[in-house]
Amino acid sequence: MGITKPTFLSRLVIVLAFFCAVSASAQNAPVTISVDANLNRRPIQPNIYGVAHATTAQLNDLNSPLTRNGGNNTTRYNWQLNADNRANDWYFESIAEPSAVAGERGDTFIANAKAANAQAMLTLPMIDWVAKLGVNRSKLASFSIAKYGAQSGNDGQWFADAGNGVWTNGQYVTGNDPNDANVPSNSTLQQSWAEHLVNRWGTNSNGGLRYYLLDNEPSIWHATHRDVHPVGATMDEIKNKIIDFAGKIKLVDPSALVVGPEEWGWSGYTLSGYDQQYGSLHGWSTLPDRNNHGGWDYLPWLLDQLRQNNLATGKRLLDIFTVHFYPQGGEFSNDTSSAMQLRRNRSTRSLWDANYIDESWINDHVQLVPRLKSWVNSYYPGTLTGITEYNWGAENHINGATAQADIYGILGREGLDMAARWTTPDPSTPTYKAMKMYRNYDGNRSAFGDVNVAASGPNPDNISVFAAERSADGALTIMAISKYLFGTTPATINLSNFPHNGSAQVWQLTAVNAINHLSDVSFIGASFNFTLPAQSITLFVLPAASGNQSPVAVLSAQPISGIAPLNVSFDGSGSTDADGSVVSYAWDFGDGASAFGAAANHSYSAAGSFLARLTVTDNQGASNSATTTILVNADIPSAPSNLTATAVSRTQIDLSWSDTAANESGFKIERCAGATCTNFAQVGTVGANVKNFSNPGLKRNTSYRYRVRAYNGSGDSAYSAIVSAKTPR
């Protein structure tokens, strides 16, 4: 009988199968993880574990303290009709909720949150229009095909007359009447909703609604809500609306916390809606709204304006400064190709890493959490920070789960105050279970620690690690996330400054998609070994040693950076002792001064970086310390004024200005060519106290525009007014 030889294709299949098997079982290089319970101690805010639109059962199962009611439709919610307009999400239709009871949607959302002991966040509209309904609560369309003609798309299944607002030639429908499907709205209408909420639930201080969100992604209203706001919102429009609407909320409930501006993403941090729209239509070299505001970026300017309003009125109107963020390289999708999984592994660096350049069109150092905190510390100290909408995609895949676990660890380590994932994953998904690994890994609401401690490891694109102590029982929790697509990774975990009993519980989530309680690890000394599977999330829980346990020092400081003289409030009252009590608090402010007591205030008079330390001692003499860095800057100089430009020859223009600062290092001079130009470039600098500049070598018969700003080691001032001069023929 003859023997059939293998074909080339069958040989290839065998070889590929062999290499896949080898890859799946290969071992990666060993890694070392170091955890020091005395370093980088700071509270982890539980509100970073927030979600959106969760059910009561999900909130309970995730042990989540926060749920957000948000999204594009909330911008047009009419509380009196209990209806909203779905905007660009669904054919600009105004659609009723099943209940006709005024405010029912918000009330039900609050009730569901309260049933799980969670806080609700409600979005309060600031846009000028909200939904209206037809006869018998029927739908209405902003872009009726019967009224505005044939369009390139419509809601053929449910409401055929509702067009997509795009004519068949691809152009947007313009000139539509907002009254077709909407009614005017203002702060008085929204104040009445706040009054309803307080009457129904009480004030925040009495257990009512705590968080009022100021609308949703206003810098893209011109896109998502172009039927009622076709022109991009300016910086002044959003500032004025925040002051107006937040003021009405605080009038109804002074204890309420106002959250905003809820901006959409990277472009919405630096450019107003007006400039985003203008730049997309006319090119990005001219940004009129920014130019009208001295070259300021949008959100820093907004914070500074709200700070100035606070100083002028004595009233804080914004309590939590929030943005949204989605990775822009395709991660927010179901793409689980190897290339996208690796990109998803890397791109969480945009949340924290000052050296990481975002690989998408952003192409910049995002470092989002430090950026938000820096803006707040510079422009409105005392404001909390949050990311109230984010999603890294692939929630049905273990790669999405490891990304989510990485995000939770980053947000806690970096000290963010609030976050809410969009939305809540299905409980069957690995991503949902990754969230449980932090908040309810054993089904008994046991959680990752609430006091961050130092944890370091290898390349976080491959293995990321986070650690925290748990105040309730003094346990040390270590989260090790293997992002490797293939292969196991031997890990050595080294411990410092934590009294343990030589054992660690092990809980693990893998691609098998179940949280498993593995056998405890027993060890002697200050380290133990464990092998991490590919694409896994492993939680180690180390009980504190028996006998007198050291207290846990928890230090908070506000603000942690600012301009000298900087007054800082220190608080150590969050410090705990699992088997006794804290009896003394000693402060070393890092500049030679010290104090005692659970709380202290200190003024830093000189610029510099200062390591402040709190040392707490318990009733049996054990002590523990926590530190934080206070960064004190010299005051940013004020902008020069009275700038003039004079053509003194065919090729030279001379400038002069008034020096309004006493602390500048010098002045930067910028110029552009053309009567309406905006593409300024720096053409020179002069030293401190110099108030003039000559600009030779110019073209004849040419108009030039100039602006000047002061600078010092803390940064640049705002720009002077822009002036123009034209050289003679």
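Notes on the structure in this doc start here.

Definitions and cut-offs
Residues numbered from 1 in each chain as written. Predicted model: local features only at pLDDT ≥ 70, side-chain atom pairs only at ≥ 80, totals over all residues. Heavy atoms only, no water. Helix = DSSP H or I, 4+ residues; strand = E, 2+ residues; numbered from the N terminus. Contact = heavy atoms within 4.5 Å. Pairing = 2+ DSSP bridges. Expected span 1.5 Å × (residues − 1). Buried < 20%, exposed > 50% of the residue type's maximum accessible area, 1.4 Å probe, protein only. Disulfide = S-S within 2.5 Å. Salt bridge = Lys/Arg side-chain N within 4 Å of Asp/Glu carboxyl O.

1. So, the side chain of K239
Inference 1: Along the polypeptide, K239 turns up in helix α7 (residues 235–252).
Inference 2: In this view, K239 contacts W301, L302 and Q305; residues no more than four positions away in its chain are not counted.

2. Things to note about the pairing of strand β18 (residues 451–456)
Inference 1: Here strand β1 (residues 31–36) runs beside β18; their pairing, made up of 3 bridges, is antiparallel. For S34, the partnering residue across the bridge sits in β18 and is S456.
Inference 2: Summarising the sheet, strand β2 (residues 42–43) and β18 pair through 2 bridges and their orientation is antiparallel. Paired with R42 across the strands is N452, a residue of β18.
Inference 3: Relative to strand β19 (residues 463–469), β18 runs antiparallel, the two being bridged by 3 bridges. Bridge pairing in β19 links N452 to A468.

3. Focus: helix α3 (residues 104–115)
Inference 1: For α3, built from 12 residues, the straight-helix expectation of 16 Å at 1.5 Å per residue is met to within 8% by its first-to-last C-alpha distance of 16 Å.
Inference 2: Residues R105, G106, D107, F109, I110 and A113 constitute the buried set of α3.
Inference 3: On its buried face, α3 is in contact with α2 (56–62), β4 (66–69), β5 (83–85), β7 (119–124) and α5 (187–201).
Inference 4: Positive backbone phi, at 55°, marks N117, one or two positions downstream of α3.

4. Digging into the state of the cysteines
Inference 1: The tally for this structure, following the rule as stated, stands at 1 disulfide.
Inference 2: A disulfide bridge connects C672 with C677, and the sulfur atoms are separated by 1.9 Å. Between C672 and C677 the disulfide shows an S-S torsion of about 70°. By sign, it is right-handed. Of the two residues examined, C672 and C677, each falls in the buried class.

5. Let's talk about the pattern of salt bridges
Inference 1: This model, assessed by the stated rule, comprises 27 salt bridges.
Inference 2: The salt bridge partner of K241 is D128, with a shortest N-O separation of 2.7 Å. In this pair, K241 sits in helix α7 while D128 sits in the loop between β7 and β8 (129–131), placing the two residues 113 residues apart along the sequence.
Inference 3: The class of K241 is buried, set by a relative accessible area of 10%.
Inference 4: You can call D128 partly exposed: its relative accessible area is 34%.
Inference 5: Among the charged side chains, a network of salt bridges with common partners joins K668, E670, R707, R709 and D716.

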